[in-house]
Amino acid sequence: MSIGKEYKPDEVEAYWVETWGRAETFQAQPDSAASPFCMVIPPPNVTGELHIGHVLVYTLHDIVARWRRMQGRDVLWLPGTDHAGIATQMVVERELAREGRTRADLGREAFERRVWEWKETYGDRINGSLRRLGASVDWTRERFTLDQGLSRAVRTVFVQLYRDGLIYRDRYIVNWCPRCHTALSDLEAVHESESGKLWRIRYVDPTGSPGVVVATTRPETLFGDTAVAVHPDDPRFQAFIGKHVRVPLTDRTVPVVADSFVDPTFGTGAVKITPAHDPNDFHAGRRLNLPQIVALDSHGKMTEAAGSFCGQDRFEARRQVVEALAEAGLLEGVQEHALAVARCQRCSTVVEPHVSDQWFVRVAPLAEPAIQAVESGSIRFVPDNWAKTYFEWMRNIHDWCISRQLWWGHQIPAWHCQQCAAIQVTESAPSTCDRCGGSVVQDPDVLDTWFSSALWPFSTLGWPDKSSDLARYYPTDLLITGHDIIFFWVARMIMMGLRFMGDVPFREVYIHGLVRDAQGQKMSKSKGNTVNPAEVQARYGTDAVRFTMAVLAAPGNDIPLAPERMEGYRAFANKLWNASRFVLLKASTEETAGAVDSCEPPFAERWIRSRLQVVIGEANRSLESYRFDRAAEALYHFVWGEYCDWYIEWVKPDLAEAATPAQRMRARATLVEVLGTALRLLHPFMPFVTAELWRLLPDSPGDVATAPWPTVDPRWIDPAVDAEAILVQEIIAGIRNVRAQSNIEPGLKIEVLLRVRDAEQAAIVARHVDLIRPLARAGSVRVITGELPTAGVARGVVRGVEIAVPLAGLVDVEAERSRLRRDLDKISKEIITRAERLEDPGFCMRAPPAVVEKERLTHRELAARADRLREALSQLDVGGAT
């Protein structure tokens, strides 16, 4: 088969996406004798395209899936998507807003139909993106969190937890998003540090005494105050405890109470208690039997309790309340104050504490066995330091608010009697109330999206039915995910898996870092620093994007991504293509068949085969420990550096017409065999280019995706040959460096003089002078036993071997001196400039750490380059060469 002159990723990727999809190459084989290996995909939301974080996590999944499949495992990588309640509803509501309508205009059933239509239209984008990424999932087992089977699983779990007393309904204070108009869990309320203010407000005594000064960050909520609290041991307020003070701007009075939750050092030492609008106040109100007055409604607007401020937005009301307090002489002061402001994870609206009827999971009984599972080693975190993070959260866990006031999602399987208010929780809809026979209506709320996601490892395999897939593939083997959803998803899957399956949902959890921009900042559309996967895949090729992700995936560390890094790995794909083209043009099936054992292997072959076994071992060890970065780097170094740059060059004489037929046949066979092994090793990282090249290799059986993973053949490992080759390579590199520093034209043949350290080095040079000479572009290479000449030569040293290249007739020494001095002067000035910048405290404090570190690195590189220029000048100056 012919191979094109250049690698065209778009054509190759399109071919293999179609080929793999048509052949169902990655379908699991549950009836096979192979050992099963299972992963479930972290389900992407159906709200749009994959982002660059998805590319990272699915690339790592795919590397593992392809590697295990090539090892002979029965791999099930199960795909699917998440309905993403809040996010998807927001997207569709925006569409309606552009049409001048709201979901209320449609009604619930019509709105749900509209969201399903949107999902059918846009949901396939995710799958298309996964296919273009090369994800080797089993599409025949694709699931969706709202499909019939998973919906049944959700209802079954809810009902069972309710009957076990682990789900309950309560009127409680929750995080509330006035924009999304729904409750949020603690995890969905993202706290950010922001600058705010602390107001001091006087609550006067109705008898006319000065009263108490209260400190608050939310003066607009004072209309909901039902007490003022002080610490029971605070001597400043002992006389006020039990008395009443007037709530400013109202006619109401409230008691001054003592409670130890008050911090005497905060503000004035006295705080207002607003049970309906603050979590701490809510609990204090329950302890002290205080009433709840709602001053803010679910839209974030003031209620009738706020009097003349009724209907105002909370932040506008704050401004006007402060003005009114000042006019009334009740504002004692204001100061800047740092606040931890909670915002909705989805829309960034400031979250409001809000009392409402909600459904909760009683988490503590579920958390204890989940903690034990990690403590006992039934589940292993990689890196293991993330287990500590997991424990800290699990041991301080709060009950989970699982109800959401949305229309898109799993509607809670609870029915309310319209006559006696009894609640029935059941998997199927009852016709009447089982208590009084009255009519019933289903609870309008839906479940938190993470509730269904918590069941993902077993619901996707057919639970609650005892399916064959569930029996074979549960527990799954590995979960790969980011540290940002350890609490959202990982912990909840562990709790639910143990509760309903009696076993952990996965054996290992690999935690990857988050993808950030080149300066280490979080990516966001508002900052304009996001990376569009489709764009970089089109520009650099999918294999280059995937390889970049693998190289950067040091476990647990966030990933600073500069798209330019992908340029280097696009070059790597091109290098592999061009090297393969050379090999394929030199080799044919007839010439290579049976040739490997036809003669004694030469040094170059023994070396490349030894290095191949070493890199197979390194790749295996790295993948077993999920060091994707080390595996990728080892393969990159072997393929580009050792196979392409060294072995192919060394073997070219054995391919020439002057070589014997046996030499040519053996060289061709080894080139093909090592290339084929390298393609198999690279395939999990770069599936497209390796699949294309594999099918072009002579006698390559089938698809590389199902080819056997290479294993180490210890017979070829030869550390002595490796050490010998390294010395020869470094001598060649040293000679090349001398040529480059002396500006010797590439086409000129040079004389090389070597002074070796001992007889062993002399013997190595003598054995391999034919390898050194052509790659150093040398006319002659001689070993000198005495001192090397110092006049008119360029010199270098590698591993104790001194190199001298006479310059007579090769360069204009005076012109070279001038060039070197000009370069040295230019670099010296730049070194001074960068040193001054690094010595500037302002720069080091203001600039991002990544920028400062890059500046330091550049300064060090310039200093090293200046040293090399000085060395080159000193060599020219010795003896006044002409």
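Note that the structure is a prediction, hence the values are computed from the model and not measured.

What counts and what doesn't
- Residues numbered from 1 in each chain as written.
- Predicted model: local features only at pLDDT ≥ 70, side-chain atom pairs only at ≥ 80, totals over all residues.
- Heavy atoms only, no water.
- Pairing = 2+ DSSP bridges.
- Helix = DSSP H or I, 4+ residues; strand = E, 2+ residues; numbered from the N terminus.
- Axes fitted to C-alpha atoms, helices over the stretch in contact; angles between N-to-C directions.
- Buried < 20%, exposed > 50% of the residue type's maximum accessible area, 1.4 Å probe, protein only.
- Phe/Tyr/Trp six-rings, centres within 6.5 Å; stacked < 30°, edge-to-face > 60°.
- Lys NZ or Arg CZ within 6 Å of the ring centre and 35° of its normal.
- Salt bridge = Lys/Arg side-chain N within 4 Å of Asp/Glu carboxyl O.
- Parallel < 35°, antiparallel > 145°, perpendicular 65-115°, else oblique.
- Contact = heavy atoms within 4.5 Å.
- Nonpolar A, V, L, I, M, F, W, Y, C, P; charged D, E, K, R; others polar.
- Expected span 1.5 Å × (residues − 1).
- Arc of directions from axis to C-beta.

Trainee: What am I meant to see in the sheet that holds strand E18 (residues 414–417) here?
Mentor: Sheet strands associate in pairs through backbone hydrogen bonding, adopting either a parallel or an antiparallel arrangement. The strand order across the open sheet formed by three strands is E19-E18-E20, and the pairing between neighbours is antiparallel. With partners counted over all chains shown, the strands left at the sheet margins are strand E19 (423–425) and strand E20 (440–442), one partner each. Across this sheet, the average inter-strand angle for adjacent strands is 30°, counted without regard to direction. Sheet analysis places E18 next to E20, joined by three bridges and oriented antiparallel.

Trainee: Can you help me understand unusual backbone geometry in this one?
Mentor: A negative phi angle characterises most non-glycine residues, just as the trans form characterises most peptide bonds. A cis geometry characterises the amide bond from Val382 onward to Pro383, with omega recorded as -5°. Structurally, Pro383 is set in the loop between strand E15 (380–382) and helix H10 (385–394). Trp463 connects to Pro464 through a cis peptide bond whose omega is 15°. Looking at the secondary structure, you find Pro464 in the loop between helix H12 (456–459) and helix H13 (468–473). The backbone phi angle of His181 is positive, close to 60°, even though this residue is not glycine. By the secondary structure assignment, His181 is in the loop between strand E5 (167–177) and strand E6 (182–184). Relative accessible area serves as the criterion here: at 23%, His181 is assigned to the partly exposed category. You will see that Ser348, though not glycine, has its phi angle at about 70°, which is positive. Take Ser348: it is sitting in the loop between strand E13 (331–344) and strand E14 (352–361). Judged by relative accessible area, Ser348 falls into the partly exposed class, the value being 42%.

Trainee: Would you mind going over the packing of aromatic side chains with me for this structure?
Mentor: Ring pairs (aromatic) are described by centroid distance and by the angle formed between their planes. According to the stated counting rule, one finds 39 aromatic pairs in the structure shown. Aromatic pair Trp400 and Phe451: ring centres 5.9 Å apart, planes at 40°, arrangement tilted. Pair noted here: Trp400 is in strand E16 (residues 400–401) and Phe451 is in helix H11 (residues 449–453), with a separation of 51 residues, a long-range link. Across the pair, exposure class does not vary: Trp400 and Phe451 are buried alike. Joined through ring pairs, the aromatic side chains of Phe547, Tyr569, Phe572, Tyr636, Trp640 and Phe685 make up one cluster. Between the NZ or CZ atom of Arg66 and the centre of the ring of Trp20, over which it lies, the distance is 4.5 Å. Between Lys652 and the ring centre of Phe582, over which it is positioned, the NZ or CZ distance is 5.5 Å.

Trainee: Mind showing me how you'd approach the pattern of salt bridges here?
Mentor: It is possible for side chains bearing opposite charge to pair when their charged atoms get close. Using the criterion set out here, one finds 63 salt bridges in the structure. As a salt-bridge pair, Glu624 and Arg68 come within 3.4 Å of each other at their nearest N and O atoms. You can see Glu624 sitting in helix H19 (residues 603–624) and its partner Arg68 sitting in helix H2 (residues 52–70), a full 556 residues away along the chain. The exposure class of Glu624 is partly exposed, given its relative accessible area of 40%.

Trainee: Looking at this structure, I do not really get the packing of helix H17 (residues 565–586) against helix H22 (residues 687–696). What am I missing?
Mentor: To characterise two packed helices, one gives the angle between the axes of the helices and the distance between these axes. At a closest axis distance of 11 Å, the pairing of H17 and H22 adopts a crossing angle of 0°. Between H17 and H22, the interaxial angle falls into the category roughly parallel. Each of Ala573, Leu576, Trp577, Ser580 and Leu584 in H17 lies in contact with H22, whose residues at this interface are Val689, Thr690, Glu692, Leu693 and Leu696. Residue composition of the contact of H17 with H22, by class: seven nonpolar, two polar and one charged.

Trainee: Any chance you could explain the sheet that holds strand E23 (residues 506–512) here in plain terms?
Mentor: Strands sit in the order E15-E23-E22 across an open sheet of three strands; the sheet is parallel. The open sheet terminates on both sides in strands that have one partner only, identified here as E15 and strand E22 (476–482). Each neighbouring strand pair of the sheet contributes to a mean axis angle of 20°, computed without reference to strand direction. Both E22 and E23 contribute to a ladder of six bridges, which runs parallel. Across the sheet, Leu478 pairs through a bridge with Glu508, a residue of E23.

Trainee: What am I meant to see in helix H9 (residues 364–375) here?
Mentor: Quick reminder: α-helices carry 3.6 residues per turn. Residues three or four places apart thus point the same way. Given a rise of 1.5 Å per residue, 12 residues ought to cover 16 Å, and the 16 Å separating the end C-alpha atoms of H9 matches this to within 8%. Turning to H9, its buried residues number three or more, namely Leu366, Ala367, Ala370, Ile371, Ala373 and Val374. Taken end-on, H9 shows its buried residues confined to a sector of 155°, consistent with a single buried face. Elements that come into contact with the buried residues of H9 comprise E14, E15, H10 and helix H14 (486–501). After H9 finishes, the residue Gly377 shows a positive phi value of roughly 90°.

Any link to function would need more than the numbers given here.
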